[in-house]
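Each chain is listed here by its residues.
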Amino acid sequence: MNLAKLKLFRHFYVMIVCYIYFTRIIVYLLKITVPFQYQWLDELFRELATFTLFVVTGYKFRPKSSNPYLQLGQDDDDDEQMDLVLTESGALDSIARVAGKPSIGVGLSKRESSHDYD
């Protein structure tokens, strides 16, 4: 497992170094050597190199089906515990009734209608 990770890191490191050299040196040489009507080629090669870097990086670091961190257990006991956990949220544990009245709205007076101000 560690050897595979080291190989992946080595490939990624080489790919980054090649990308930096290509975009800084090769594209610059292309820019100063081509005639004016082909000045767009340096941007094209820079953008193609960036696109290639992102595609290869996404391909190399894609999720795998044998990932041990994404394995789901096959236990049925967990389903019963999840039902209990989902129904008992604990949101109402700190709310209490005072003297048989609900605590919501205590201290609010009746609002006056807007016609009283005219």
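Residues numbered from 1 in each chain as written. Predicted model: local features only at pLDDT ≥ 70, side-chain atom pairs only at ≥ 80, totals over all residues. Heavy atoms only, no water.

Colleague: Can you lay out the overall build of the chain for me, pointing to particular residues and giving the numbers?
Modeller: Looking only at helices and strands, one finds 3 helices and 0 strands in the chain. Counting every atom, the chain has about 11300 Å² of accessible surface; 62% of that belongs to carbon and sulfur. (Helix = DSSP H or I, 4+ residues; strand = E, 2+ residues; numbered from the N terminus. Areas by Shrake-Rupley, 256 points an atom, 1.4 Å probe, with all protein chains shown as cover.)

Colleague: Tell me about the pattern of salt bridges, residues and numbers included.
Modeller: Scanning the entire structure with this criterion turns up 1 salt bridge. Ionic pairing is found between Glu-43 and Arg-46, a salt bridge with its closest N-O pair at 2.9 Å. Remark: Arg-46 and Glu-43 occur in helix α2 (residues 40–60); sequence separation between them is 3 residues, near one turn of the helix. Overall, Arg-46 belongs to the partly exposed group, its relative accessible area being 26%. (Salt bridge = Lys/Arg side-chain N within 4 Å of Asp/Glu carboxyl O. Buried < 20%, exposed > 50% of the residue type's maximum accessible area, 1.4 Å probe, protein only.)

Colleague: Explain the side chain of Thr-57 to me, and be specific about the residues and the numbers.
Modeller: Within the secondary structure, Thr-57 is located in helix α2. Those residues in contact with Thr-57 that sit more than four places away from it in its chain are Phe-12 and Met-15. (Contact = heavy atoms within 4.5 Å.)

Colleague: I'd love a proper account of the side chain of Asp-42, names of residues and values included.
Modeller: By secondary structure assignment, the location of Asp-42 is in helix α2. As a buried residue without a salt bridge, Asp-42 has its nearest oppositely charged side chain in Lys-31, at a separation of 4.3 Å. Excluding residues that lie within four positions of it along the chain, Asp-42 makes contacts with Val-27, Leu-30 and Lys-31. (Lys, Arg positive; Asp, Glu negative; His and termini not counted.)

Colleague: If you had to explain α2 to someone new, which residues and values would you point to?
Modeller: Its 21 residues give α2 an end-to-end C-alpha distance of 30 Å, which sits within 8% of 30 Å, the value for a rise of 1.5 Å per residue. Every buried residue of α2 is listed here: Leu-41, Asp-42, Ala-49, Thr-50, Leu-53 and Thr-57. In the core, the buried residues of α2 are packed alongside α1 (2–33). (Expected span 1.5 Å × (residues − 1).)

Colleague: Any details on the packing of aromatic side chains? Residues and values, ideally.
Modeller: Within this structure, the stated rule accounts for 2 aromatic pairs. The ring of Tyr-59 has Arg-62 lying over it, and the distance from NZ or CZ to the ring centre is 4.2 Å. (Phe/Tyr/Trp six-rings, centres within 6.5 Å; stacked < 30°, edge-to-face > 60°. Lys NZ or Arg CZ within 6 Å of the ring centre and 35° of its normal.)

Colleague: So what's going on with the confidence of the model for the chain? Residues and values would help.
Modeller: Detailed reading of the predicted coordinates is not advisable wherever pLDDT is low. Averaged over every residue, the pLDDT of the chain is 78; the share at 70 or more is 61%. Taken element by element, the chain is modelled with least confidence in helix α3 (residues 77–87), mean pLDDT 55, and with most confidence in α2, mean pLDDT 95. (pLDDT = per-residue confidence, 0-100.)

Colleague: I'd like to hear about a nonpolar patch on the surface, residue by residue, with values.
Modeller: A contiguous nonpolar surface patch, about 610 Å² in accessible area, is contributed by Tyr-21, Ile-25, Ile-26, Tyr-28, Leu-29 and Ile-32. By secondary structure assignment, the location of Ile-25 is in helix α1. You can call Ile-25 partly exposed: its relative accessible area is 40%. (Patch = residues over 30% accessible without salt bridge, like charges linked within 9 Å, V, L, I, M, F, W, Y side chains within 5 Å.)

Colleague: Any chance you could break down the packing of α1 against α2 for me, citing the residues and the numbers?
Modeller: Packed helix pairs are specified by the crossing angle of their axes together with the interaxial distance, meaning the distance between the axes. Packing of α1 against α2 leaves a shortest axis separation of 9 Å and a crossing angle of 175°. Considering the angle they form, α1 stands roughly antiparallel to α2. The segment α1 lies against α2, with Leu-8, His-11, Phe-12, Met-15, Ile-16, Tyr-19, Phe-22, Thr-23, Val-27, Leu-30 and Lys-31 engaging Leu-41, Asp-42, Phe-45, Arg-46, Ala-49, Thr-50, Leu-53, Val-56, Thr-57 and Lys-60. Along the lines of polarity and charge, the residues of the contact of α1 with α2 split into 13 nonpolar, 4 polar and 4 charged. (Axes fitted to C-alpha atoms, helices over the stretch in contact; angles between N-to-C directions. Parallel < 35°, antiparallel > 145°, perpendicular 65-115°, else oblique. Nonpolar A, V, L, I, M, F, W, Y, C, P; charged D, E, K, R; others polar.)

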